[in-house]
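Chain and residue survey
As a plain string of letters, each chain reads:
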Amino acid sequence: MNQRPEYQYISQQAELDELSQALASKPYVAIDTEFLRERTYRPQLCLIQIKSEELLACIDALAVPDLSPLLSVLHNPSLTKVLHAASQDMEIFYLLTRKVPKPIFDTQLAAPLLGYNEQIGYGNLVKEHLDVDLDKAHTRADWTRRPLAENQIAYALDDVIYLEQLYLDMTMQLESLGRLKWLDGEFEDATKIEKYDQPAADRWLKVRNIQRYKGPTLACIQALAEWREIKAREINQPRNWLMKDDVMCSIAQQKPANQEDLKHVRGLDKKTRDKFSSELITLIANASKQTPQALPPFVKKKKLSPVNLARVALVNAWVHQ
């Protein structure tokens, strides 16, 4: 691995202001974030890594009091934001500003046009495209701890150092093949606000096998899913800490009428039951009398025929070649 270039560790407001001014004139910026969301509803932003030409920086999001100068730069339409598997980073920026940075270049979306697997991970793409093995030791690191270890910072910086290299190399190859414009629609879809602004009332649509339910049971699932989403936001805890999907569906099917009935629902967290039992019983009783929202049309996935599977394999081989 090449020697890592010099970088800035930014923990002061004045340092971020200066970096943001320098970025404003750049044509692109490779960007990645480190965050924790295991214990909270919203991801807790801990670190932002930036790379653009000679600029390389780690921004301590827990130390800098005001990130708005950088966020303003990221919303500059003349600056291309380079990410890999952008959705989680985009969600964080949306939660901070209620806007989505654009335009973007997502190396994961671009990879299949150069013969790589769809949904390829960053480490695998760096290995296959740049022949670099990335250190994976800090994949599950606690990014809230301070001070950060030097090797932890190095791990984080690699996520943008090689991301910039991927971007420059991939755009050049795609341009030479006449495929760069093919990605415009996918990049535009990835920046649609509705992907990140999810109304609580629509959360039931994410429940697995929701098509199985109907009538009062479906109405209860819809009401419980909305209640759980709103409550999780209020107390900033993961929704599954309150109630997992399968437990929610069991409650909707059993329709407990009192606290004693709730005790017999397997898998319901005791803290949730003790704290919110009255709310849940009232909600279930009311929802059972309602007409449920209509289910979305069920689209059965069609399996490709052997002939079409062979055609797909041939096209993939041709793209890779």
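The coordinates are above.
Residues numbered from 1 in each chain as written. Predicted model: local features only at pLDDT ≥ 70, side-chain atom pairs only at ≥ 80, totals over all residues. Heavy atoms only, no water.

In globular proteins that are soluble, nonpolar side chains generally tend to be buried together. One finds Ile59 and Leu67 to be the most contacted residues of the largest nonpolar core, which totals 67 residues. If you tally residues by element for this core, the top one is helix H6 (residues 150-177), at 12 residues. Sequence-distant contacts of Leu67, defined by excluding residues within four places in its chain, comprise Leu16, Leu45, Ile48, Ile59 and Ala61. With 28 residues, the next largest nonpolar core counts Leu218, Cys220, Leu224 and Val247 among its residues. (Core = buried A, V, L, I, M, F, W, Y, C linked by side-chain atoms within 4.5 Å. Buried < 20%, exposed > 50% of the residue type's maximum accessible area, 1.4 Å probe, protein only. Helix = DSSP H or I, 4+ residues; strand = E, 2+ residues; numbered from the N terminus. Contact = heavy atoms within 4.5 Å.)

Let us look at the packing of aromatic side chains. Taken as a whole and assessed by the stated rule, the structure comprises 5 aromatic pairs. When the ring of Trp227 is compared with that of Phe276, the centres are 5.4 Å apart and the planes differ by 80°; the resulting orientation is edge-to-face. With Trp227 in helix H8 (residues 215-235) and Phe276 in helix H12 (residues 270-287), the pair connects residues that are 49 residues apart, well separated along the chain. Across the pair, exposure class does not vary: Trp227 and Phe276 are buried alike. A network of ring pairs unites the aromatic residues Tyr28, Phe105, Tyr167 and Phe187 as a single cluster. (Phe/Tyr/Trp six-rings, centres within 6.5 Å; stacked < 30°, edge-to-face > 60°.)

A cis amide bond links Lys102 with the next residue in sequence, Pro103, at an omega value of 0°. Following the sequence through the fold, Pro103 ends up in the loop between helix H3 (87-97) and strand S6 (104-106). Put simply, Arg146 and Pro147 share a cis peptide bond, and its omega is 0°. As for its position among the elements, Pro147 is in the loop between helix H5 (122-130) and H6. Of note in this structure, Ala85 is not a glycine but carries a positive phi near 50°.

For an α-helix, the turn length of 3.6 residues means that residues three or four places apart are oriented alike. Looking only at H5, the buried set comprises Tyr122, Leu125, Val126 and His129. Down the axis of H5, the buried set is contained in an arc of 100°. They therefore lie on one face. If you follow the buried residues of H5, they end up packed against helix H4 (107-110) and H6. Positive phi appears at Asp131, one or two residues downstream of H5, with a value of about 55°. (Arc of directions from axis to C-beta.)

Evaluated as defined, the whole model comprises 17 salt bridges. A salt bridge links Glu229 to Arg239, with the shortest nitrogen-to-oxygen separation between them at 2.8 Å. In this pair, Glu229 is assigned in helix H8 and Arg239 in helix H9 (residues 239-242), connecting sequence segments 10 residues apart. We classify Glu229 as buried; its relative accessible area is 1%. (Salt bridge = Lys/Arg side-chain N within 4 Å of Asp/Glu carboxyl O.)

Okay, the sheet that holds strand S1 (residues 8-10) next. Reading across the sheet, the 6 strands line up as S1-S4-S3-S2-S5-S6 and stay open at both edges, with mixed pairing between neighbours. Sheet topology places S1 and S6 at the edges, where each strand pairs with a single neighbour. The mean angle between the axes of side-by-side strands here comes to 25°, regardless of whether they run parallel or antiparallel. Sitting on the sheet, helix H1 (residues 13-23) touches S1, strand S2 (28-36), strand S3 (44-52) and strand S4 (55-60), and the angle it makes with S4 is about 140°. (Pairing = 2+ DSSP bridges. Axes fitted to C-alpha atoms, helices over the stretch in contact; angles between N-to-C directions.)

What follows deals with the side chain of Arg273. Counting through the fold element by element, Arg273 comes out in helix H12. A relative accessible area of 16% means that Arg273 is categorised as buried. What Arg273 contacts, discounting residues up to four positions off in sequence, is Leu262, Lys263 and Leu268.

Once that is clear, we can look at the pairing of strand S5 (residues 80-83). Covered by surrounding structure in S5 are Thr80 and Val82 together with Lys81 and Leu83, the residues of both alternating faces. As paired elements, S2 and S5 share 3 bridges and run parallel to each other. Bridge pairing in S5 places Val29 opposite Lys81. With 3 bridges connecting them, S5 and S6 associate as parallel partners. Within S6, the position partnered with Val82 by the bridge is Phe105. Once the chain exits S5 it traverses H3 before rejoining the sheet at S6, and the crossover so formed is right-handed. (Right-handed = clockwise from strand over helix to strand, strands pointing away.)

In this section: the environment of Tyr41. Assignment of secondary structure puts Tyr41 in the loop between S2 and S3. Under the relative-accessibility criterion, Tyr41 is labelled buried at 16%. Placed 16 residues apart in sequence, Tyr41 and Ser25 show a C-alpha to C-alpha distance of 35 Å. Look past the residues within four positions of Tyr41 in its chain and what remains in contact with it is Glu229, Ala232, Arg233, Asn236, Gln237, Pro238 and Arg239. Polar side-chain contacts of Tyr41 include one of 3.0 Å to the side chain of Arg233. (Polar contact = N/O pair within 3.5 Å; in protein donor to acceptor, adjacent residues only side chain to side chain.)

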